[in-house]
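Given next are the chains, with one letter for each unit.
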Amino acid sequence: MSTPEFTHFNDQGRARMVDVGEKQITQRTATAAARVLVNRTTFDLIRSGGVKKGDVLTVAQIAGIMAGKRTPDLIPMCHPVPLNGIDLKLWLDEARLSVEIEATTRCEGRTGVEMEALTAVSGAALTVYDMCKAVQRDMEITDIRLVRKTGGVHGDYEREEESHA
């Protein structure tokens, strides 16, 4: 079994954007997730629509989609990928007192869309924090992770956990 190597360095050890021009165009998907832990007061305000800045889940959903689309502007070595779609879902988990976030990104391209999915859930989580920070400053953004991916030379990946979508 060979040791994986970092591909974002040139012969001089400096950062470079990987050339994907010779790779096959394939259908690619990625799903990422994140969690925002809140207290009971914040949870109840989100659920009832009582947060003064507006509907937290709807605004965070739109922000997450926008963030996913802007990934190459935020992450220096990411290729601009023509996304076919971003499906971003948010829901409240009463047992955890959390906002659960999951994004699935899709494209037909030469490189994957993992970073777009991860950026989408991160943007949504940051938006939840921003909209609720007047009520609670000690919220925690946790568990940002890749859940699954398909397509590409490295094959499919599935994290060993259940999806709650």
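Residues numbered from 1 in each chain as written. Predicted model: local features only at pLDDT ≥ 70, side-chain atom pairs only at ≥ 80, totals over all residues. Heavy atoms only, no water.

The topology assignment puts Ile144 in strand E4 (residues 140-150). Sequence separation between Ile144 and Thr119 is 25 residues, and the spatial gap between their C-alpha atoms is 9.5 Å. For Ile144, the contacting residues outside a window of four places in its chain are Ala33, Ala34, Leu118, Val121 and Ser122. (Helix = DSSP H or I, 4+ residues; strand = E, 2+ residues; numbered from the N terminus. Contact = heavy atoms within 4.5 Å.)

This brings us to the pairing of strand E1 (residues 26-37). For E1, a buried count of nine out of 12 residues is recorded, marking the element as mostly surrounded by other parts of the structure. Pairing of E1 with strand E3 (residues 98-109), which is carried by 12 bridges, proceeds in the antiparallel orientation. Looking at E3, one finds that Ala33 is bridged to Glu102. Relative to E4, E1 runs antiparallel, the two being bridged by eight bridges. Within the sheet, the bridge partner assigned to Val36 lies in E4 and is Ile141. (Buried < 20%, exposed > 50% of the residue type's maximum accessible area, 1.4 Å probe, protein only. Pairing = 2+ DSSP bridges.)

Locating Thr29 in the fold gives a position in strand E1. Of note is the side chain of Thr29, whose polar atom sits 2.5 Å from the side chain of Thr150. In this view, Thr29 contacts Thr105, Arg106, Val113, Arg148, Lys149 and Thr150; residues no more than four positions away in its chain are not counted. (Polar contact = N/O pair within 3.5 Å; in protein donor to acceptor, adjacent residues only side chain to side chain.)

Let's shift gears to the side chain of Glu100. One can find Glu100 in strand E3. A polar atom in the side chain of Glu100 sits 2.5 Å from the side chain of Ser98.

Overall, the coordinates contain 13 salt bridges when judged by the stated rule. Note that Glu100 is salt-bridged to Arg35, the shortest N-O span being 2.6 Å. Taken together, the positions of Glu100 in strand E3 and Arg35 in strand E1 put the pair 65 residues apart, joining distant regions of the chain. As far as the burial class goes, Glu100 and Arg35 line up, both buried. Where Arg40 meets Glu94, a salt bridge forms, and the shortest distance between an N and an O atom there is 2.7 Å. Here Arg40, found in helix H1 (residues 40-48), pairs with Glu94, found in the loop between strand E2 (83-93) and E3; they are 54 residues apart in sequence, far enough to count as distant. (Salt bridge = Lys/Arg side-chain N within 4 Å of Asp/Glu carboxyl O.)

A separate point is the sheet that holds E4. The strand order across the open sheet built from five strands is E2-E3-E1-E4-E5, with neighbouring strands paired in antiparallel fashion. What marks the edges here is a single partner per strand, and that holds for E2 and strand E5 (157-158). Across the sheet, H1 is in contact with E2 and E3; its angle to E2 comes to roughly 120°. Docked against the sheet, helix H2 (residues 56-69) engages E2 and E3, running at close to 150° with respect to E2. (Axes fitted to C-alpha atoms, helices over the stretch in contact; angles between N-to-C directions.)

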